[in-house]
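Remarks on the overall topology
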Amino acid sequence: ASEPFGALIGWIIIKSTGSDMSEVAYGILFGIIGGIMIMIVLSEILPTAFSFDPKDRYVTNSILAGMAVMASSLCLFRA
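In this report, the structure presented in the accompanying data block is examined. (Residues numbered from 1 in each chain as written. Predicted model: local features only at pLDDT ≥ 70, side-chain atom pairs only at ≥ 80, totals over all residues. Heavy atoms only, no water.)

So, unusual backbone geometry
- The residue Asp56 is not glycine, and still its phi comes out positive at about 55°.
- For Asp56, the position within the fold is in the loop between α2 (23-52) and α3 (59-78). (Helix = DSSP H or I, 4+ residues; strand = E, 2+ residues; numbered from the N terminus.)

Here it is as structure tokens:
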């Protein structure tokens, strides 16, 4: 039920910036969306992953591998 409400908020933000979104509006929206995704990961996904791997054989290593892939892709695309 929160998705239509979030879409409405996003639509209002886009329409309030004029015909084309400014860089500030993009930054605000991406910051909000990034924060929401981080909150979901920290409060839902990681606890579930640790519940399926109580001895922590795979979860932490997979998190670090994912971080390494993301960091390397950011470095490669910047060049």
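What about the side chain of Asp53?
- Mapping Asp53 onto the fold places it in the loop between α2 and α3.
- One buried charged residue, Asp53, remains without a salt bridge, the closest side chain of opposite sign being Arg57 at 5.7 Å.
- From its side chain, Asp53 meets the backbone nitrogen of Tyr58 in a polar contact 2.7 Å long.
- Every residue in contact with Asp53, bar those within four places of it in the chain, is listed here: Tyr58 and Val59. (Buried < 20%, exposed > 50% of the residue type's maximum accessible area, 1.4 Å probe, protein only. Lys, Arg positive; Asp, Glu negative; His and termini not counted. Salt bridge = Lys/Arg side-chain N within 4 Å of Asp/Glu carboxyl O. Polar contact = N/O pair within 3.5 Å; in protein donor to acceptor, adjacent residues only side chain to side chain. Contact = heavy atoms within 4.5 Å.)

Thoughts on helix α1 (residues 2-16)
- Taking 1.5 Å per residue, 15 residues should reach 21 Å; α1 reaches 21 Å between its end C-alpha atoms and fits that length.
- Where α1 ends, the next residue or the one after it, Gly18, has phi of about 105°, a positive value. (Expected span 1.5 Å × (residues − 1).)

A short note on a nonpolar patch on the surface
- Taken together, Val24, Ile28, Ile32, Ile36, Ile38, Ile40, Val41, Leu42 and Ile45 make up a surface patch of nonpolar side chains, about 810 Å² in accessible area.
- If you trace the backbone, Val41 turns up in helix α2.
- Look at Val41 and you get partly exposed, because its relative accessible area is 35%. (Patch = residues over 30% accessible without salt bridge, like charges linked within 9 Å, V, L, I, M, F, W, Y side chains within 5 Å. Areas by Shrake-Rupley, 256 points an atom, 1.4 Å probe, with all protein chains shown as cover.)

Let's talk about α3
- Between its terminal C-alpha atoms α3 stretches 29 Å, which fits the 28 Å expected from 20 residues at 1.5 Å a residue.
- The buried fraction of α3 amounts to one of the 20 residues, a small share that puts the element mostly on the outside.

Everything listed here is a matter of geometry and, on its own, says nothing about what the molecule does.
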